[in-house]
Amino acid sequence: MCGVFAISSSDIQNAGEKVIEGLKKLEYRGYDSWGVATSDTIIKQVGKISESTSHFPPDTKAIGHSRWATHGGVTKENSHPHKYKSVILVHNGIFENYLTEKERLLEKGEVFVSNTDSEVIAHLIQEQLDLSHNIKSAIQNVAQMIIGRFSIIVMVEGYNEIFVARRGSPLIIGRGKDQYAHTTFVASDIPAFLEYTNIVNYIDDDEMAIIHNDHVTFYDLDSGKEKEKRNIEVSWKEEIADKGEYNHFMIKEIFDQKQSLTAAINHTDQEIKNFISDLQSGNGVYMIACGTAHKVCIAAEYYFSYIAGRKINVVPASEMPAFERFINKKTILFAVSQSGETADILEVLEFGKKRGAKILSITNVESSSIARISDNHLSIHAGKEKAVASTKATTSQMALLLLLAYADNNRLNAGRLVLQDLASNVNDLLNPRYEKYIKSVAETLKDSNNIFIIGRNSLYPIALESAIKIMEVSYIHAQGFAAGEMKHGPIALIEKNSPCIVLGCDNETISNAIELKSRGAKIIGVASENHMIFDQWLKIPSAGTAISIASVLPIQILSYYLATLRGLDPDMPRNLAKSVTVK
Ligand code: G6P
């Protein structure tokens, strides 16, 4: 993943510091280390760029990078930018065959200072530049050598321009305006430059651009032929990420669910019907997603089955290659993604596009790569989600998918009523008293080594999602199971006081909970009614077919407090990133 950002300008004199400011807005893409280069200064540091107080000498161009480590540990040497002789480069992506090229260059006597794949790209560009003395063809030739996904931004000593190229990893140009009319920005995501401009050009796969101040020329990366690009005005306003009265974005975003559920279903009937008609137009639907969004898709598999009588195939995007043989012109590929940039998903969609499949998607970022590649797209309108652990985007995705399932059964209005009811109950539920109570439950669980979660039907995927939420922010091992599966192995782990979260209080789930309690488990029930078997009770509103959405909320709050009570930062958990643009 990683965030890249660059400025070429004759209006901005402190480009190095402006690049640091922009990178702070991309920190969700990776926060292991960062680095920025101007023409004659490179600063790199391990740690979060939000904590940086670095200063640069005046300059009108700079490139920078906030890193999520893939190849090579979290060290200063492995941080970008990488410099080799005259070439300075930042890279987002993975150069899969880098070792072959590295070995060749080592045999030539070249010396590497990092363990990264990215440094090899700098060496290769220098090698090609030495041969042709033409930087454009040097970058084109190196792109031919790379197997994998990349976006690169390059500065070369002796050249005024910045050179950029893309295959697979996002790269967007911001065209400066008003007081920045002679400035161009390049970033892996729009927020990095949104305070300066909302006029953008999307660099597509296998394209490159040469940038000098406000002059930008686009080329096809293979043929080298010049290309025209439209200026696109994005409707985003700069959303100032503000924690307000809250200590962390995670808890703020949990409370944003008082409004976000309503926003998620705020599509016209026609938009929903068009989407459903596309969904119905094929012969087999594959829902693909990663992480939390994948668990949301499993919940949707239940919604479509129960409400619409439709079988949906849900596959984690990274596992889809095993099923690609079934993708054809009749297939509907339905992607669900908060960021709209997840590489594993994009790779499946690109493959599907070539096979003629129809592509539908739901994202939170309307101008994302996934939204743009789709034949039909709906936004969840959740507003910016900053904390790495997804909360409001999760429930918004679920709400929209539940509505779609009703629409698929010609009962759109009934779906709206269920969800409006839920939104209003959630509004009542999320209050300081409720939060305080869940914090007190977290106090009793914070020193646990393991937490088990069970659920059945549409609460089974919520058991899986709950485990992700608890693990990713509190680092407590947590595992979710289909309630009926506990007795087929995992029950062997239950000891006196093993915490088991039980989602739902239907008879069968309660029977499974009793089996756990009989072995000494402590039962934390998540349900609209209390039950004598529960040692602790996390109340949810009664929500009918939307019970899975309601059940997510107390677990999100519990996870937040498990993290903070253990002294952890829930907004930026170790080893994670919000937008995962590498495979
Ligand atoms: C990362 C995030 C998860 C997210 C997953 C998929 O792992 O930390 O919260 O669920 O990516 O991201 P997407 O943007 O496609 O929903």
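Details of the overall build of the protein chain
Check the secondary structure of the protein chain and you find 16 helices and 25 strands. At 25 Å, the protein chain has a C-alpha radius of gyration in line with the 25 Å of a compact globule built from 583 residues. A principal-axis box enclosing the C-alpha atoms of the protein chain has dimensions of 75 × 50 × 50 Å. Put simply, the protein chain has 583 residues, and 61% of those count as buried. A separation of at least 24 residues holds for 69% of the contacts in the protein chain among residues at least 6 apart in sequence. Surface summary for the protein chain: the accessible area is close to 22300 Å², and the carbon and sulfur share equals 47%. On the protein chain, the mean spot of the 61 positive side-chain charges and the mean spot of the 69 negative ones are 4 Å from each other.

Things to note about the packing of helix H14 (residues 460–474) against helix H16 (residues 547–565)
Orientation of H14 relative to H16, taken along the N-to-C sense of each, is 15 degrees, at an axis distance of 9 Å. The angle between H14 and H16 falls in the class roughly parallel. For the crossing formed where H14 meets H16, the hand is right-handed. Seen from H14, the contacting residues are Ile462, Ser466, Lys469, Ile470, Val473 and Ser474; seen from H16, they are Ser548, Ser551, Val552, Ile555, Gln556, Ser559, Tyr560, Leu562 and Ala563.

Notes on the environment of Asn409
Mapped onto the elements, Asn409 comes out in the loop between helix H11 (392–408) and helix H12 (412–429). Note: C-alpha distance between Asn409 and Asn450 (41 residues apart in sequence) is 41 Å. With residues up to four places along the chain from it excluded, the contact list for Asn409 reads Ile307 and Ala308.

Some words on unusual backbone geometry
Residue His80 is joined to Pro81 through a cis peptide bond whose omega torsion reads -5 degrees. Note that Pro81 resides in the loop between strand E4 (61–67) and strand E5 (82–84). A positive phi angle is found at Asn575, which is not glycine, with a value near 65 degrees. Counting through the fold element by element, Asn575 comes out in the segment after H16.

Quick look at the layout of surface pockets
Size it by volume and the second largest pocket reaches roughly 520 Å³. Around the second largest pocket, the lining is made up of 29 residues, and of these Cys290, Gly291, Thr292, Lys578 and Val580 lie nearest the centre. Contributions of two or more residues to the lining of the second largest pocket are made by helix H8 (291–308), strand E18 (332–337), helix H9 (343–355), H11 and H14. Of the residues forming the lining of the second largest pocket, the biggest block, four residues, is contributed by H8. Across the lining of the second largest pocket, the residue classes tally to 13 nonpolar, twelve polar and four charged.

Section: the domain arrangement of the protein chain
Each assigned domain of the protein chain is listed with its residue range as follows: domain 1 (3–239) and domain 2 (249–565). The C-alpha centroid of domain 2 is placed 36 Å from the C-alpha centroid of domain 1. Each partner contributes residues to the interface: domain 1 has 13 residues there, and domain 2 has 13 residues. Buried area between domain 1 and domain 2, summed over both chains or domains, comes out near 1100 Å², and the portion from carbon and sulfur atoms is 46%. Remark: the boundary between domain 1 and domain 2 carries three salt bridges. Counting every contact that joins domain 1 to domain 2 gives two residue pairs in polar contact (both at pLDDT 80 or more).

A word on the pattern of salt bridges
Enumeration over the complete set of coordinates arrives at 30 salt bridges. The salt bridge partner of Glu101 is Arg104, with a shortest N-O separation of 2.9 Å. Pair noted here: Glu101 and Arg104 are both in helix H2 (residues 98–107), with a separation of three residues, about one helical turn. Given a relative accessible area of 14%, Glu101 falls into the buried group.

Notes on empty space enclosed by the protein
With the rule as written, the count across this model stands at one cavity of 30 Å³ or more. Space inside the largest cavity adds up to approximately 70 Å³. Forming the boundary of the largest cavity are Cys2, Arg67, Trp68, Thr70, His71, His80, His91, Asn92, Gly93, Asp117 and Ser118. Every element with two or more residues in the lining of the largest cavity is listed here: strand E6 (87–95) and helix H3 (117–132). Here the lining of the largest cavity gets three residues from one element, more than from any other, and that element is E6. A breakdown of the residues in the lining of the largest cavity according to their chemical character gives two nonpolar, seven polar and two charged.

Concerning the side chain of Gln128
By the element assignment, Gln128 lies in helix H3. With sequence-adjacent residues up to four places away left out, Gln128 is seen in contact with His133, Ala138, Asn141, Val142 and Met145.

Quick notes on the site of the ligand
Around the ligand, the surrounding shell holds 13 residues, and the nearest of these are Thr292, Ser337, Gln338, Ser339 and Thr342. The contact in question runs from an oxygen atom of the ligand to an N or O atom on the backbone of Gln338, over 2.7 Å. Contacts to the ligand include Ala577, whose backbone N or O atom sits 3.1 Å from an oxygen atom. When the ligand is considered free in solution it has 390 Å² of accessible area, and contact with the protein chains removes 88% of it.

Focus: the sheet that holds strand E13 (residues 215–220)
The antiparallel open sheet is built from seven strands, whose spatial order is E5-E6-E7-E8-E12-E13-E14. Bordering the open sheet on either side are E5 and strand E14 (226–227), each of which pairs with just one other strand. Here strand E12 (residues 207–212) pairs with E13 via six bridges, running antiparallel. When the bridges of E13 are listed, His212 appears paired with His215. Most of the contacts of H3 go to E6, to which it runs at about 130 degrees, and overall it touches E5, E6 and strand E7 (148–156).

Cut-off values and rules
Residues numbered from 1 in each chain as written. Predicted model: local features only at pLDDT ≥ 70, side-chain atom pairs only at ≥ 80, totals over all residues. Heavy atoms only, no water. Helix = DSSP H or I, 4+ residues; strand = E, 2+ residues; numbered from the N terminus. Rg over C-alpha atoms; globule rule 2.2 N^0.38 Å. Buried < 20%, exposed > 50% of the residue type's maximum accessible area, 1.4 Å probe, protein only. Contact = heavy atoms within 4.5 Å. Areas by Shrake-Rupley, 256 points an atom, 1.4 Å probe, with all protein chains shown as cover. Lys, Arg positive; Asp, Glu negative; His and termini not counted. Charge placed at Lys NZ, Arg CZ, Asp CG, Glu CD. Axes fitted to C-alpha atoms, helices over the stretch in contact; angles between N-to-C directions. Parallel < 35°, antiparallel > 145°, perpendicular 65-115°, else oblique. Left-handed = near helix turned anticlockwise from the far one by under 90°. 1 Å grid on protein atoms, 1.4 Å probe; cavity = no way out; pocket = protein on both sides within 12 Å on 5 of 7 lines; lining within 4 Å. Points joined across faces, edges and corners; volume = space filled by probe spheres on them. Nonpolar A, V, L, I, M, F, W, Y, C, P; charged D, E, K, R; others polar. Domains from an automatic or database assignment. Buried area = accessible area lost by both parts, 1.4 Å probe. Salt bridge = Lys/Arg side-chain N within 4 Å of Asp/Glu carboxyl O. Polar contact = N/O pair within 3.5 Å; in protein donor to acceptor, adjacent residues only side chain to side chain. Near = heavy atom within 4 Å. Pairing = 2+ DSSP bridges.

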